[in-house]
2 protein chains.
Amino acid sequence: MDLHILEHRLKVTSIAKQGLFVFTHPLIKLIFLRSRTRCKFLSLTETPEDFTLVLDEEGFKELPCSEYLQVEDSMWLALNVVSNGHASSSSQAVGVTKIAKSVIAPLAEQHVSVFMLSTYQTDFILVREKDLSVVIDTLQEEFNIYREVGGECVPVPSQDVHNGFQKNGKEATKATVHPVLSPLNKFCVMSLDPDTLPTIATTLIDVLFYSSSCKDASHSSQDLDCVKFFSFSLIDGYISLVMDTEAQRQFPADLLFTSSSGELWRMVRIGGQPLGFDECGIVAQISQPLANSDISAYYISTFSFDHALVPEEDIDSVIDMLQEQRQMKLEV
Amino acid sequence: MDLHILEHRLKVTSIAKQGLFVFTHPLIKLIFLRSRTRCKFLSLTETPEDFTLVLDEEGFKELPCSEYLQVEDSMWLALNVVSNGHASSSSQAVGVTKIAKSVIAPLAEQHVSVFMLSTYQTDFILVREKDLSVVIDTLQEEFNIYREVGGECVPVPSQDVHNGFQKNGKEATKATVHPVLSPLNKFCVMSLDPDTLPTIATTLIDVLFYSSSCKDASHSSQDLDCVKFFSFSLIDGYISLVMDTEAQRQFPADLLFTSSSGELWRMVRIGGQPLGFDECGIVAQISQPLANSDISAYYISTFSFDHALVPEEDIDSVIDMLQEQRQMKLEV
């Protein structure tokens, strides 16, 4: 298996809901007017708390300074696992499940924080640029590692593990077990031909920029029957959309497409309190049991919380697994 | 002929070019998301100086406070001349020319300021609400006057001209003769089925919100070979667009339509210095000679300047006429 370290240098930011209007101008440019921007990596996710915006340096330059914008200090890099033509994994599962044991677990063991961004097309594992050397050390046994430089893939020479293993320097702490919630709405993970994006522009603009109200936000955070969650990403020319079936009904049925199985997904929302960016192992806690049971999962981190999407028929067993795991940890 | 006083209560505002991003959010809502707003009258015109935005109270409420927004103090009402089925005028000309003698000249004589807004469909004559009684006095001989109330047309009873004519109370001042300029670009006046507006959304958004740069502005104001001028209006469900042929090329040719003659228009831009809102008779100065020669004209006022559009084949004779008039006034 190959691991690519992508060229994008990414900022992870949060836009306060009441300040979105300040960012409508740059966001519409970044989403719809590709000829006017050099941004190649954009992900915008609405949750009840905020809009989490992950974008490359070119895109970040477009944002105005504003009291409504929070920016995580670090520069992040995106990693991407590429199966060499034939999938070597015996798993039929897709998403973060496929990389749970080979990437997520080893990085968690080395106390590397990851920010996950699953899309229709692939799964991006975001790590801090300053952690890159530990990441390469950790993953070079399992993967051929390439770094994208000027659009070319350059093999990363294997590092000698000099003076013993080069640890991250962080203390190993017992991972906190976070509460999980499972809202009742069902989600679909879809894509769209970028050439047809103008056709759904007004609908997408409506959903992204005009559908949330303060009422929604307070409602959703207190009552988790259904949760507001909408994610749009445009990365290297590929579009991915995650929305619930209610939002989906607003779009023309013939333009958005999903995998042939057309399955629906239920959400596991991780964290009772905002998770922050420093704790390690949160993705691993969720993805390990899924991998053990070979259950597919998309995984989308946002500024405050993490979100796993699992097939709707598996949601009960997943919740049981996670409750059991939580019980075991609490008892230890 | 009937004169309708429309129900819209209008504000005339100016958005500074560098502050447009603050207004992208409400403007996109007002233009594209009609189900989300009760605004029924919106006109947005870009000139080298600014964006002039005329909109009703419902629309005005959507605008955020901002240092980039100037608002003219008055409340304005829109008047509209309705031919009773068969055109009673012998003139074949369209636009402001048709109403030059019956509306524009009499109002100028009574020192009523007017703000003109020609669209593809009709010509709106905006007057200050406080001048309404003078307007009715002045025009009641020529017109059956109706006022729209709750969507119904109610005849306005003829006013007794008690104690002699109720003058506007302003001193009659000799009208200033303003310099006129004629940029070289050619314009078209077009419309669009509102149902197809989503189809051109990204193009229209691009042209309206992302096509001007500071370079454009300084360039255009110094060098009037070509002038930036783009006007979009959505009034009572009707769309009107005025753009030059360069902007037109960005839109799909099959959606925008114009009159069957498909003629192009040249611009006469009135004013060397910003005109302000208090001077009267500017529209009359331009429209009277056009009416005498039966030359069609659209007329669009903006926050700083006035703009007449005349058929391209008539531009030379119009400029000659206006220069001659200017010469005569200067000599008096």
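Residues numbered from 1 in each chain as written. Chains lettered and ligands numbered in written order. Predicted model: local features only at pLDDT ≥ 70, side-chain atom pairs only at ≥ 80, totals over all residues. Heavy atoms only, no water.

Take chain B, turn it by 180°, move it 0.0 Å along the axis, and it overlays chain A with an RMSD of 0.0 Å. Look at the turn and shift together and you get a two-fold axis relating the two. Mapped onto chain A, 100% of the interface residues of chain B are again interface residues, and the two copies thus contact each other with one and the same surface. (Least-squares fit on C-alpha atoms with pLDDT ≥ 70 in both. Contact = heavy atoms within 4.5 Å.)

When pLDDT is averaged along chain A, the result is 88, and 88% of the positions lie at 70 or above. Across residues 214-222 of chain A, confidence stays below pLDDT 50; counting only partners more than four residues off in sequence or on other chains, it has six contacts. (pLDDT = per-residue confidence, 0-100.)

The next thing to look at is the packing of aromatic side chains. All names here are of chain A. With the rule as written, the count across this model stands at 18 aromatic pairs over all chains. Where F187 meets F229, the ring centres are 5.9 Å apart and the plane angle is 90°; that geometry is what we call edge-to-face. With F187 in strand β11 (residues 186-192) and F229 in the loop between α6 (214-222) and β12 (230-235), this residue pair connects regions lying 42 residues apart in the sequence. Judged by relative accessible area, F187 falls into the buried class, the value being 0%. What makes F229 buried here is its relative accessible area of 4%. (Phe/Tyr/Trp six-rings, centres within 6.5 Å; stacked < 30°, edge-to-face > 60°. Helix = DSSP H or I, 4+ residues; strand = E, 2+ residues; numbered from the N terminus. Buried < 20%, exposed > 50% of the residue type's maximum accessible area, 1.4 Å probe, protein only.)

Here we take up the interface of chain B and chain A. Taken together, the 19 residues of chain B in the interface contact 19 residues of chain A. Across the chain B/chain A interface, buried area totals approximately 1,800 Å², and carbon plus sulfur atoms make up 65% of it. For the chain B face of the interface with chain A, the top three residues by lost area are H25, T202 and Y210 of chain B, together amounting to 38%. Where chain B packs against chain A, one counts two salt bridges. (Buried area = accessible area lost by both parts, 1.4 Å probe. Salt bridge = Lys/Arg side-chain N within 4 Å of Asp/Glu carboxyl O.)

Before going further, it helps to examine the pattern of salt bridges. Residue and element names in this part refer to chain A. Tallying each qualifying case throughout the model produces 24 salt bridges over all chains. A salt bridge links E58 to K61; its shortest N-O distance comes to 3.3 Å. One network of salt bridges, in which partners are shared, links R9, E57 and E129.

All names here are of chain A. Within strand β5 (residues 76-82), six of the seven residues are buried, leaving the element largely enclosed by the surrounding structure. With six bridges connecting them, strand β1 (residues 2-16) and β5 associate as antiparallel partners. Residue pairing for β5: D2 is matched across the bridge by V82. In the sheet, β5 pairs with strand β7 (residues 123-128) via five bridges, with the strands oriented antiparallel. Paired with N80 across the two strands is F124, which belongs to β7. (Pairing = 2+ DSSP bridges.)

All names here are of chain B. Mapped onto the fold, P252 is located in the loop between α7 (245-248) and β14 (265-270). With relative accessibility at 31%, the residue P252 sits in the partly exposed group. Sequence separation between P252 and T203 is 49 residues; the distance between their C-alpha atoms is 9.1 Å.

A few words on the packing of helix α3 (residues 100-109) of chain A against helix α4 (residues 132-139) of chain A. Residue and element names in this part refer to chain A. Packing of α3 against α4 leaves a shortest axis separation of 10 Å and a crossing angle of 125°. For the element pair α3 / α4, the angle class is oblique. Note on packing geometry: the crossing formed by α3 with α4 is right-handed. Across the interface between the two elements, S102, V103, P106 and L107 from α3 touch V135, T138 and L139 from α4. (Axes fitted to C-alpha atoms, helices over the stretch in contact; angles between N-to-C directions. Parallel < 35°, antiparallel > 145°, perpendicular 65-115°, else oblique. Left-handed = near helix turned anticlockwise from the far one by under 90°.)

Turning next to the state of the cysteines. Residue and element names in this part refer to chain B. Scanning the model with the defined rule gives zero disulfides over all chains in all. With no disulfide of its own, C226 lies closest to C188 among cysteine sulfurs, the gap being 13 Å. For C226, a relative accessible area of 41% corresponds to the partly exposed category. (Disulfide = S-S within 2.5 Å.)

Phi at D236 of chain A is positive, roughly 50°, even though this residue is not glycine. Relative to the helices and strands, D236 of chain A resides in the loop between β12 and β13 (238-244). What makes D236 of chain A partly exposed here is its relative accessible area of 42%. Unlike most non-glycine residues, H111 of chain B shows phi in positive territory, near 60°. Mapped onto the elements of the fold, H111 of chain B is located in the loop between α3 (100-109) and β6 (114-118).

In an α-helix, one turn spans 3.6 residues; hence positions three or four apart end up facing the same way. Residues and elements named next belong to chain A. Taking 1.5 Å of rise per residue, 17 residues should cover 24 Å, and helix α9 (residues 315-331) covers 24 Å from first to last C-alpha, within 8% of that figure. Residues I315, V318, I319, L322 and Q325 constitute the buried set of α9. The arc that holds every buried residue of α9, seen down its axis, measures 125°, which confines them to one face. Facing away from the buried surface of α9 by more than 90 degrees, the exposed residues are D316, D320, E324, M328 and E331. (Expected span 1.5 Å × (residues − 1). Arc of directions from axis to C-beta.)

Bringing the side chain of E72 of chain A into the picture now. All names here are of chain A. Positionally, E72 belongs in the loop between β4 (69-71) and β5. Residue classification places E72 among the buried residues on the basis of a relative accessible area of 10%. Polar side-chain contacts of E72 include one of 2.9 Å to the backbone nitrogen of S74. (Polar contact = N/O pair within 3.5 Å; in protein donor to acceptor, adjacent residues only side chain to side chain.)

The next thing to look at is the pairing of β6 of chain B. Residue and element names in this part refer to chain B. A large share of β6 lies buried, amounting to five of its five residues. Neither face of β6 is open: one carries V114, M116 and S118, the other F115 and L117, and all of them are buried. Alignment of β6 against strand β7 (residues 123-128), held across five bridges, turns out to be antiparallel. What sits directly across from M116, in β7, is I125. Between the antiparallel neighbours β6 and β7 lie four residues.

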